[in-house]
Amino acid sequence: MNDSLLPRTKLWAHTMHGHGDDVVTAHATSSATVEPAARRTREYREEAERRLLNPAASFSSGAGDRLVPEAPDPLRTCFQRDRDRIVHSTAFRRLAGKTQVVVYPTDHQRTRLTHAIEVAQCAVAMARGIGANVVLADAMALGHDCGHGPGGHASEDAFDQFIEEGYDHGPWGADVVLTDLNLCRETLDGIRNHSWSRPAPSILEGELVSWADRIAYCAHDLEDAIHAGIVAPADLPEVVSDVVGTTRRQQLSTFLNAVITTTMTTGTVGMDKQTAEALAALRRFNYERIYTRPESTRQSLVVVRVLTGLVEYYLEHPSAMPQEYRTDEAVRGVVTYVGGMTDRFAFEQAQRLLGWNPQQLPAGIGRYA
């Protein structure tokens, strides 16, 4: 072994094979055991869903309802496969570099990726409480924002002018960005229709993700703004502070429990009037004090100009894009390419290709509406 290696590197190399002969274990002192039995197959998991979930839940079956038929997995349900495919996708990884509220965030502010993870936690919590399919809700939530472009919701305004039917991150994510994953119909429906301005999702889990998205971003966008010194807890309207509290933890607990209790009491996926009014007041406060503050509006206008310029540039210079985006539908190919960019890459391209002065590019709080 190379004597110049650091001691920790040498120690790490010694674990290359693991430990043991006939059965290799991860640790020299591994002692965990299980009762030998047949593997927990996909059919076993499907049957467990039938026994444990609410009758209104979505049940996995075989390979799932996919656009391109495929053989079922021997161990994982169709929705477990969807979740795995989303987590390992390039679109999901790129969310780490895309705006939630803050462009070029500091270490502790949300990105679009951490937002998706928090939405998934909220969706899973409600799914467990109601008896919905937890794995399906998790998959929908993790994938729900994969159609977002760089710079937050301002990217939709930029791309609207090039896409005939308009650019909506939900349908774009389901029908363009994630197409290659061949996800189940149910998963795609929840991703496509999670926004409240869209038609309602067709199944219970999709409705829960719609609530989870709004609950998560209202609470964590406020927390980020407080940490950034833009607003203070004392600024919140009384209907918010009195009903759901001033911290993210208090707000999430109240909102999520309200959806679970209301749904199980009335049979309708929703929230009681008092708590719903507090959620609406919180969102209105965020809209007025965070998302549409003058600095945010100026930043959004810059994002629109940058992305518009990039689309126009690549339409004139298609050879500057990777080959996979040079399609017969030139505009859609370009928008797909630019929409997939992270904030940093898009703004670097604006400097390199369009001559943007770095001092003119976005910094600080952006728009999330």
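Everything discussed here concerns the structure shown above.
Every value quoted in this text rests on a predicted model; they were computed, and no experiment measured them.

1. Let's talk about helix 10 (residues 204–227)
Relative to the 34 Å expected for 24 residues at 1.5 Å per residue, helix 10 spans 35 Å between its end C-alpha atoms, a close match to the ideal helical length. At the exit of helix 10 stands Gly-229, carrying a positive phi of roughly 80 degrees.

2. Some remarks on the pattern of salt bridges
Across all of its chains, the model carries 20 salt bridges by this definition. A salt bridge links Asp-138 to Arg-83, with the nearest nitrogen and oxygen atoms 2.6 Å apart. Remark: Arg-83 occurs in helix 3 (residues 78–87) and Asp-138 occurs in helix 6 (residues 134–143); sequence separation between them is 55 residues. The exposure class assigned to Asp-138 is buried, which follows from its relative accessible area of 14%. Residues participating in the shared-partner salt-bridge network are Arg-66, Glu-70, Arg-81, Asp-82 and Arg-85.

3. Concerning the packing of aromatic side chains
Note on aromatic pairs: each is described by the distance of the centres and the angle between the planes. If you walk through the whole model with that rule in mind, you get six aromatic pairs. With a centroid separation of 5.5 Å and an interplanar angle of 85 degrees, the aromatic rings of Tyr-313 and Tyr-314 are classed as edge-to-face. Neither residue differs from the other here; Tyr-313 and Tyr-314 are each classed as buried. Ring geometry for Tyr-325 against Tyr-337: centres 5.0 Å apart, planes inclined by 45 degrees, an arrangement best described as tilted. Pair noted here: Tyr-325 is in the loop between helix 14 (294–316) and helix 15 (330–339) and Tyr-337 is in helix 15, with a separation of twelve residues, a long-range link.

4. Some remarks on unusual backbone geometry
Even without being glycine, Asn-182 reaches a positive phi, approximately 55 degrees. Of note, Asn-182 is situated in the loop between helix 8 (169–177) and helix 9 (185–192).

5. Overview of the packing of helix 6 against helix 10
Between helix 6 and helix 10, the shortest axis-to-axis distance is 9 Å and the interhelical angle comes to 45 degrees. Judged on the interaxial angle alone, helix 10 and helix 6 are oblique. You can see that helix 6 and helix 10 cross each other, and the crossing is right-handed. Side by side, helix 6 and helix 10 meet where Leu-136, Ala-137, Met-140 and Ala-141 of the first sit next to Glu-205, Gly-206 and Val-209 of the second. Looking at side-chain class alone, the contact of helix 6 with helix 10 contains five nonpolar, one polar and one charged residues.

Conventions adopted
- Every chain is numbered independently, its residues counted from 1 as its sequence is written.
- With pLDDT at 70 or above as the cut-off, local features in this predicted model cover only qualifying residues; side-chain atom pairs require 80 or more to be listed or tallied, and sums for whole chains, interfaces and linings still use all residues.
- Derived side-chain values reflect all non-hydrogen atoms in the structure, with water molecules and hydrogen atoms excluded from consideration.
- Here a helix means four or more residues in a row that DSSP labels H or I, a strand means two or more in a row labelled E, and each is numbered from the N terminus.
- Working rule for helices: expected span equals 1.5 Å times residues minus one.
- Throughout this description, the term salt bridge denotes a Lys or Arg side-chain nitrogen within 4 Å of a carboxyl oxygen of Asp or Glu.
- For the exposure calls, accessible area comes from a 1.4 Å probe over protein chains only, and a residue counts as buried if that area is under 20% of its type's maximum, exposed if over 50%, partly exposed in between.
- Note on aromatic contacts: the rings of Phe and Tyr and the six-membered ring of Trp form a pair at centre separations within 6.5 Å, being stacked when their planes are under 30 degrees apart, edge-to-face when over 60 apart, and tilted otherwise.
- Under this scheme, a helix contributes an axis fitted over its contacting stretch, all axes are lines through C-alpha atoms, and angles between N-to-C directions fall in the 0 to 180 degree range.
- Should an angle fall under 35 degrees it is taken as roughly parallel, and over 145 as roughly antiparallel, whereas 65 to 115 is taken as roughly perpendicular and any remaining angle as oblique.
- Helix crossings fall into two classes, left-handed where the near helix is turned counterclockwise from the far one by less than a right angle and right-handed where it is turned clockwise.
- Contact between two residues is taken to exist if any of their heavy atoms lie within 4.5 Å; hydrogens are not considered.
- Polar here means any residue outside two lists: the nonpolar Ala, Val, Leu, Ile, Met, Phe, Trp, Tyr, Cys and Pro, and the charged Asp, Glu, Lys and Arg; Gly therefore counts as polar.

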